[in-house]
Amino acid sequence: MAKLALVFLIISMAMAMAMPWAQAQDLNWAKRLDSAGGQPTTNLRFFFHDTLSGKNPSAVRIAQAPQTDKSPTLFGAVLMADDPLTEGPEPTSKLVGRAQGLYGSACQQELGLIMALSYSFSDGIYKGSSISVAGMNRALNPVRELPVVGGTGVFRMARGYAEARTHWMDPATGDAIVAYNVTVFHY
């Protein structure tokens, strides 16, 4: 019976080591929080680099309405993005993932971007996992809240919210670095 218990213990430990979400993490940008009601909760802090200018932009305009260029908010413009996500605000900071998807100017009176992006992570235990964010980003507000509507991998069945704060923006080009603080509830 003791041998059976020892075998069970060894198998259990091996399985726990194989599950990335059961392993300890040493990441500056992601922290596992105490779970409310047993549901895993993770806080993610990273910087989103949206570059519209230069030789290698990370977001490009793919469509627009006939009146878009006459609109002060670029109403009707749709952009496709493949933006780097980094640990710090510097473009040379450690890459932790990419934000891929599209966003468009959906407001005529203010800068309001409707966003549908997948934030895919490439670092630590979150490598290969993603969260999906879909909602209105009122880009000129100091703090914006966006809904997390799903996820994959470690973040399967995710829900939560992302707070976005502009760290830096060049009004002439539209280039921006945005700080994200995301709270994710997942399984």
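Structural notes, computed from the coordinates. (Residues numbered from 1 in each chain as written. Predicted model: local features only at pLDDT ≥ 70, side-chain atom pairs only at ≥ 80, totals over all residues. Heavy atoms only, no water.)

A word on the overall build of the protein. For the protein, the helix and strand inventory stands at 1 helix and 10 strands. Taken from the N to the C terminus, the helices and strands of the protein come in the order α-β-β-β-β-β-β-β-β-β-β. The buried share among the 187 residues of the protein stands at 38%. Sequence-distant contacts, at least 24 apart, represent 47% of the contacts inside the protein between residues at least 6 apart. (Helix = DSSP H or I, 4+ residues; strand = E, 2+ residues; numbered from the N terminus. Buried < 20%, exposed > 50% of the residue type's maximum accessible area, 1.4 Å probe, protein only. Contact = heavy atoms within 4.5 Å.)

Evaluated as defined, the whole model comprises 5 salt bridges. Here Asp69 ties to Arg61 by a salt bridge, and the two come within 3.2 Å at their closest N and O atoms. Salt-bridge contacts for Glu110 lead to Arg138; the nearest nitrogen and oxygen are separated by 2.9 Å. In this pair, Glu110 is assigned in the loop between β5 (95–105) and β6 (112–121) and Arg138 in strand β7 (residues 130–138), connecting sequence segments 28 residues apart. On the basis of relative accessibility, which here comes to 30%, the residue Arg138 falls in the partly exposed class. (Salt bridge = Lys/Arg side-chain N within 4 Å of Asp/Glu carboxyl O.)

To continue, consider the nonpolar core. One finds Leu44, Tyr119, Phe121, Ile131 and Tyr180 to be the most contacted residues of the largest nonpolar core, which totals 36 residues. If you list the elements that add at least two residues to this core, you get β2 (39–50), β4 (78–86), β5, β6, β7, β8 (144–152), β9 (159–169) and β10 (176–185). Excluding residues that lie within four positions of it along the chain, Tyr180 makes contacts with Leu44, Arg45, Phe46, Phe48, Met115, Tyr119, Leu146, Ala162, Glu163 and Ala164. (Core = buried A, V, L, I, M, F, W, Y, C linked by side-chain atoms within 4.5 Å.)

Let us look at the environment of Gly160. The residue Gly160 is located in strand β9 in this model. Under the relative-accessibility criterion, Gly160 is labelled partly exposed at 21%. For the pair Gly160 and Val149, spaced 11 residues apart in sequence, the C-alpha separation works out to 7.1 Å. Ignoring anything within four residues of it in the chain, the contact list for Gly160 reads Leu146, Pro147, Val148, Thr183 and Phe185.

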